[in-house]
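Residue strings, one per chain:
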Amino acid sequence: MNPSPPAATRPLAACLLCLALLLPMPLPAEEPPPRPTIGLALGSGGANGLAHIAVLQVFDELEIVPERIVGTSIGAVIGGLYAAGLSADEILDIFDDVAGSPLDALSGLAGMELGLTNLLKIDLSNGGLLDSGGFLRFMAGHTEVRSFEELRIPLTVVATDYWTGDSVAIDDGRLFPAVEASMAVPGLFSPVRRGEQLLIDGGTSNPLPYDLLLDDMDVVIAVDVSGSRHPEPESEPGITDLLFKTFSIMQQSLIRQALEHRRPHLYLKPEAEGVRLLHFHHIHEILAQAEPVADELRDQLTVMMATQADAMP
């Protein structure tokens, strides 16, 4: 047995023990406050949707990755590429490289030994003027991602059930068939079958699907690229303008109703003056018109980051 400590040391040991108990315990290091979760909604709008690239460039510049992306039509195309891991500049390069004519940008013809019919085949028998399959294969060639489950950022794309008129949110399964359905502009691209559903462009039911984010994200940013119309008294609209602008009018009406019901935290609407549905060859003009919106987003995100930094110990 160990000998007991001498009686004279017992009071000292007792005092040291009491002092130890009275000293404040070291506090665990405080965790920095989490950054608010960000959901990004990229809307429908044809070539106007290239303005989404300017928005994504701001996220890349500030090194902020949104927690979720939702997209309709061109928003699904660009959102899908971004969620797959491409940077905004890489997406810009894709569209910039193929820009040559309104349809060249869709088909990826520029610099390729392919004719228009190789990628955008006339397909009147299937409910559309063009078959978008070639365009989607061209886009898919820039990433190895093939399913929603492989994406680096959770993504939801929106299409419309032709028979019921209901909006259809797709977030699982094969990526590019879902994107193809989301961009199936009635009369232009063929509808897409998914199970028992026949799907057409999501812009016919939910052209700016920020509502899918409001209940889950702290900050919801919605980018409306549905465009605007200005009187042109010296010219009459042609048949294609009438068709495509009528589609835009419908989308703008749906967006107005949604905004009256419940707004996103940040609503952005880039200018797109003089840009028509298939004017993808105007990419640099579109991005230039989107600069004010990109500046606004940069300011808002910078303030959010500064507020978070001030809250840190």
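This paragraph deals with a negative patch on the surface. Taken together, the side chains of Asp89, Glu90, Asp93, Asp96 and Asp97 define an acidic patch exposed on the protein surface. Mapped onto the elements of the fold, Asp96 is located in helix H4 (residues 88-98). Looking at Asp96, the relative accessible area reads 30%, which means it is partly exposed.

What follows concerns the packing of aromatic side chains. Considering all chains together, one arrives at one aromatic pair under this definition. A centroid spacing of 4.9 Å and a plane angle of 75° characterise the contact between Tyr162 and Trp163, whose relative ring orientation is edge-to-face. One Lys or Arg, Arg152, reaches over the ring of Tyr82 and ends 5.0 Å from the middle of that ring. Geometry around Tyr267 places Arg263 over its ring, the cationic atom sitting 5.5 Å from the centre.

Turning our attention to helix H3 (residues 74-83). Of all 10 residues in H3, 10 are buried; the element is thus mostly enclosed. Residues of H3 that are buried include every one of Ile74, Gly75, Ala76, Val77, Ile78, Gly79, Gly80, Leu81, Tyr82 and Ala83, and no others. Among the residues trailing H3, Gly85 stands out with phi positive, at a value near 120°.

So, how was this worked out
- All residue numbers refer to positions counted from 1 along the written sequence of the respective chain.
- Reporting in this predicted model follows two pLDDT cut-offs: at least 70 for local features of residues, and 80 or more for side-chain atom pairs to be given and counted; totals over whole chains, interfaces and linings ignore these cut-offs and use all residues.
- Derived side-chain values reflect all non-hydrogen atoms in the structure, with water molecules and hydrogen atoms excluded from consideration.
- Patch rule: a residue counts if its relative accessible area is over 30% and it has no salt bridge; like charges are joined within 9 Å, and nonpolar side chains (Val, Leu, Ile, Met, Phe, Trp, Tyr) within 5 Å.
- Accessible areas in this description were obtained via Shrake-Rupley with a 1.4 Å probe; residue shielding takes into account the shown protein chains only.
- The salt bridge criterion pairs a side-chain nitrogen of Lys or Arg with a carboxyl oxygen of Asp or Glu, the two atoms within 4 Å.
- In this tally Asp and Glu are treated as negative and Lys and Arg as positive; neither His nor the chain ends contributes.
- Charged side chains are reduced to one point each, which is NZ for Lys, CZ for Arg, CG for Asp and CD for Glu.
- Per the convention used, a helix needs a DSSP run of H or I reaching at least four residues, while a strand needs a run of E reaching at least two, with both numbered from the N terminus.
- Summary of the burial criterion: residues with accessible area below 20% of their type's maximum are buried, those above 50% are exposed, and those between are partly exposed, where the area comes from a 1.4 Å probe applied to protein chains only.
- Centre distance within 6.5 Å is the pairing criterion for rings of Phe, Tyr and Trp, where only the six-membered ring of Trp is used; planes under 30 degrees apart are then read as stacked, over 60 as edge-to-face, and the remainder as tilted.
- We call a charge positioned above a ring when the Lys NZ or Arg CZ atom is no farther than 6 Å from the ring centre and deviates by at most 35 degrees from the ring normal.

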